[in-house]
Amino acid sequence: MASDFTDLVLLIGTNPLPGYVAVKYFMKKNSKLDRIWMVCSAKSGNQSSTVEYAESLKDLLKDSELKFQELIYVDDIDSKSSIQSELGKIINESERVHLFFSGGTKTMAAYSYSYLKDKKEGEFSASYLSARSFKINFDDEIASKDLRDAAKITFDELLKLYLFEEKEEKPDRYASLNSVGIKFTELIDEKKINNFYSKKGGFRRDIFKIDGNDLDKIFTNLSDSESDIRKSAVCKTFFQAKLNKLKGNEADNFERRVDIFKKILEYKPNEEFQGIINAFPEGFRLRENETFNTDIKKKDYDTCVEYMDGFWFEKYIKKLIQNKFKDNFDEILFNKELFKKDDYENKFELDLILMRGYQLIGISCTTAEKKGICKEKGFEIVLRTGQIGGKEAKAILITRADTKTVSDLQSELISSTGTNNKNILVLGIDDWSENKFVEKMKDYFLN
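(A) Representation of the overall build of the chain within the structure. Counting secondary structure elements, the chain contains 17 helices and 15 strands. Whereas a compact globule of 447 residues would reach a radius of gyration of roughly 22 Å, the chain reaches 28 Å, over 25% beyond that. Taken along its principal axes, the extent of the C-alpha atoms in the chain is 95 × 50 × 40 Å. Out of the 447 residues in the chain, the part that is buried amounts to 51%. Of all intrachain contacts in the chain linking residues separated by at least 6 positions in sequence, the fraction that spans at least 24 positions is 71%. Of the accessible surface of the chain, which amounts to about 22,200 Å², a share of 44% is contributed by carbon and sulfur atoms.

Next comes the structure, spelled out in structure tokens:
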């Protein structure tokens, strides 16, 4: 294992994290390290530039005493001559060179390795970071130890490294609903949680989750017993007379909104759904005295429904992880909305984020049980964890699916995304209880 080189060469691709780990590691292990060279792709034709990634890496390491040399731009990363002609700058100005070839393309790695080894002869060595073992492997077949604890990075630093930003955090509008969360936990312990989502009196998002514009119109003057929507839902004569006065889209919209509200008004909750409703603080309850609470405010209705639709589950999983695994992670973060720099419109959300050293574990929670919906969530969490955590990231999808569906989902996500079985875990409703969840997480987190 080479530990006396003076010049470290990094190949910079769209996954800059290995380069960060390498610099952190070699700074501790090699007192002779003096200069850092970064080889980037230049923007040309169908080729994207990786210069911003190099600059973000350099910025994160600005407090080190290392000398960052001028960036080396490769105009054609598929061309041997283009790559090697640019590497000539390193040959002329360096002493003992170490190539760290994680990060660039395979073509860049192969041509850079053969060229530098040939030109520097006995003053050359190389290594790469294994995404499976978290170790740096050297070309003399010696490996470092697991580097997750030796090369830490915060989540905020990771975002900067991958050119992502975080949407400004909003106040927790569910902070007053802890009593409801306790009630959901009781349903899980009693194995009655599926009854809450039953089509026979359980919470149904197709009835209660209303489009924003329709929700606004329905709740206009809803507390007033003379509200057009309210009277139309209980009186066919009034409804028809009102409808006859309207034309075109206006009539269609009114009829749709009355139908939406009528379904809510006539819905009869089962025992489990009603028990959850009763657990909400006054003002948030959908029903009072066995009928729909027409005095509920629009924002409180929305908060109540969003919480029941799945936010309670995200908080439940967060609490389990915080209680059982807080000493295993450097950071446990909740509900982060992220976007690529200069691309706010394509923002996305991660329900839970765990940082262990430089490894990111992203968790997506859904109360859906249908395979198609869960699979879509699985694709999303694999994609997003890779975008902000590189190949070293892990993804967890927690669903309400049964055991067979979970097994099928796990296999299909591995096959479709090209990840391995150590980097994606799918859980279902049989894993929701605390004991089962902790057992599964210990095996996945810590091994």
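(B) Broad picture of the packing of aromatic side chains. Across all of its chains, the model carries 33 aromatic pairs by this definition. Where Phe184 meets Tyr307, the ring centres are 6.4 Å apart and the plane angle is 50°; that geometry is what we call tilted. Taken together, the residues Phe184 in helix α6 (residues 178-189) and Tyr307 in helix α14 (residues 298-325) connect sequence positions 123 residues apart. Each member of the pair Phe184 and Tyr307 is classed as buried. Here the aromatic rings of Phe203 and Phe273 are separated by 6.0 Å at their centres, their planes lie at 85°, and the arrangement is edge-to-face.

(C) Here's a closer look at the nonpolar core. In terms of nonpolar packing, the biggest core is built from 70 residues, with Ile193, Phe196, Phe208, Tyr301, Met308, Trp312 and Ile398 touching the most fellow members. The biggest single contributor to this core is α14, with 13 residues. Leu8, Ala54, Leu57 and Leu333 belong to the second largest nonpolar core, which has 61 residues in total.

(D) Inspection of helix α15 (residues 371-389) at higher detail. The terminal C-alpha atoms of α15 lie 26 Å apart, and with 19 residues this matches the ideal 27 Å at 1.5 Å per residue to within 8%. If you check which residues of α15 are buried, you get Cys374, Gly378, Ile381, Val382, Arg384, Thr385, Ile388 and Gly389. Looking one or two residues beyond α15, the residue adopting positive phi is Gly390, at roughly 70°.

(E) Seen up close, the environment of Pro171. Within the secondary structure, Pro171 sits in the loop between β8 (164-166) and α6. Put simply, Pro171 and Val39 are 132 residues apart on the chain and 43 Å apart in space, counted from C-alpha to C-alpha.

(F) A look at the pattern of salt bridges. In the structure shown here, the tally under the stated rule is 35 salt bridges. Measuring nitrogen to oxygen at the nearest pair gives 2.7 Å for the salt bridge that ties Arg35 to Asp7. Highlighted residues: Arg35 in strand β2 (residues 35-41) and Asp7 in strand β1 (residues 7-11), separated in sequence by 28 residues. Classification of Arg35 by relative accessible area gives buried; the value is 12%. Residue classification places Asp7 among the buried positions, given a relative accessible area of 0%. Linked through salt bridges whose partners overlap, the residues forming this network are Asp7, Asp34, Arg35, Lys67 and Glu95.

(G) Summary view of unusual backbone geometry. If you check the backbone angles, Asn289 has positive phi at about 55° while not being a glycine. Its relative accessible area of 75% is what places Asn289 among the exposed residues. With phi around 65°, Glu290 is a residue other than glycine that occupies positive phi space. Examined against the element boundaries, Glu290 turns out to sit in the loop between β9 (287-288) and β10 (291-292). Accessibility expressed as a relative area gives 70% for Glu290, which makes it exposed.

(H) Molecular detail of the pairing of β2. Here β2 lies mainly inside the structure; seven of its seven residues are buried. Burial along β2 is two-sided: Arg35, Trp37, Val39 and Ser41 and Ile36, Met38 and Cys40, pointing in opposite directions, are all buried. Of the strand pairs in this sheet, β2 and strand β3 (residues 67-68) are connected by two bridges, and their pairing is parallel. Bridging from a neighbouring strand, Ile36 pairs with Phe68 of β3.

(I) Structural view of the sheet that holds β8. The six strands are arranged β8-β11-β12-β13-β14-β15 in an open sheet whose pairing can be described as mixed. A single partner strand is all that each edge strand has here, and the edge strands are β8 and β15 (424-427). Going across the sheet, the axis of each strand differs from the next one's by a mean of 35°, ignoring polarity. Alignment of β8 against strand β11 (residues 331-340), held across three bridges, turns out to be antiparallel. Within the sheet, the bridge partner assigned to Glu165 lies in β11 and is Phe339.

(J) View of the pairing of strand β13 (residues 359-365). When you tally the buried positions in β13, you get seven out of seven residues, the bulk of the element. Relative to β13, strand β12 (residues 343-356) runs antiparallel, the two sharing five bridges. Bridged to Leu354 within β13 is Ile361. What sits between the antiparallel neighbours β12 and β13 is a turn of two residues, in which Gly357 has the positive phi angle 65°. Regarding topology, α15 serves as the crossover connection from β13 to the parallel strand β14 (residues 394-398), and that connection is right-handed.

(K) Representation of the packing of α6 against helix α13 (residues 271-279) in the model. Two elements in contact, α6 and α13, have axes whose closest approach is 8 Å; the angle formed by their N-to-C orientations is 155°. Between α6 and α13, the angle falls in the class roughly antiparallel. Both α6 and α13 take part in a crossing whose hand is right-handed. Residues Ser179, Val180, Lys183, Phe184 and Leu187 of α6 lie in contact with α13, whose contacting residues are Glu272, Gly275, Ile276 and Ala279. For the contact of α6 with α13, the class distribution of residues is five nonpolar, two polar and two charged.

(L) How the structure looks around helix α12 (residues 248-266). The first and last C-alpha atoms of α12 sit 27 Å apart over 19 residues, in line with the 27 Å expected at 1.5 Å per residue. For α12, the complete set of buried residues consists of Ala251, Phe254, Arg257, Val258, Ile260, Phe261, Ile264 and Leu265.

Rules used in this analysis
Residues numbered from 1 in each chain as written. Predicted model: local features only at pLDDT ≥ 70, side-chain atom pairs only at ≥ 80, totals over all residues. Heavy atoms only, no water. Helix = DSSP H or I, 4+ residues; strand = E, 2+ residues; numbered from the N terminus. Rg over C-alpha atoms; globule rule 2.2 N^0.38 Å. Buried < 20%, exposed > 50% of the residue type's maximum accessible area, 1.4 Å probe, protein only. Contact = heavy atoms within 4.5 Å. Areas by Shrake-Rupley, 256 points an atom, 1.4 Å probe, with all protein chains shown as cover. Phe/Tyr/Trp six-rings, centres within 6.5 Å; stacked < 30°, edge-to-face > 60°. Core = buried A, V, L, I, M, F, W, Y, C linked by side-chain atoms within 4.5 Å. Expected span 1.5 Å × (residues − 1). Salt bridge = Lys/Arg side-chain N within 4 Å of Asp/Glu carboxyl O. Pairing = 2+ DSSP bridges. Axes fitted to C-alpha atoms, helices over the stretch in contact; angles between N-to-C directions. Right-handed = clockwise from strand over helix to strand, strands pointing away. Parallel < 35°, antiparallel > 145°, perpendicular 65-115°, else oblique. Left-handed = near helix turned anticlockwise from the far one by under 90°. Nonpolar A, V, L, I, M, F, W, Y, C, P; charged D, E, K, R; others polar.

Everything listed here is a matter of coordinates, which is why it stays silent on function.
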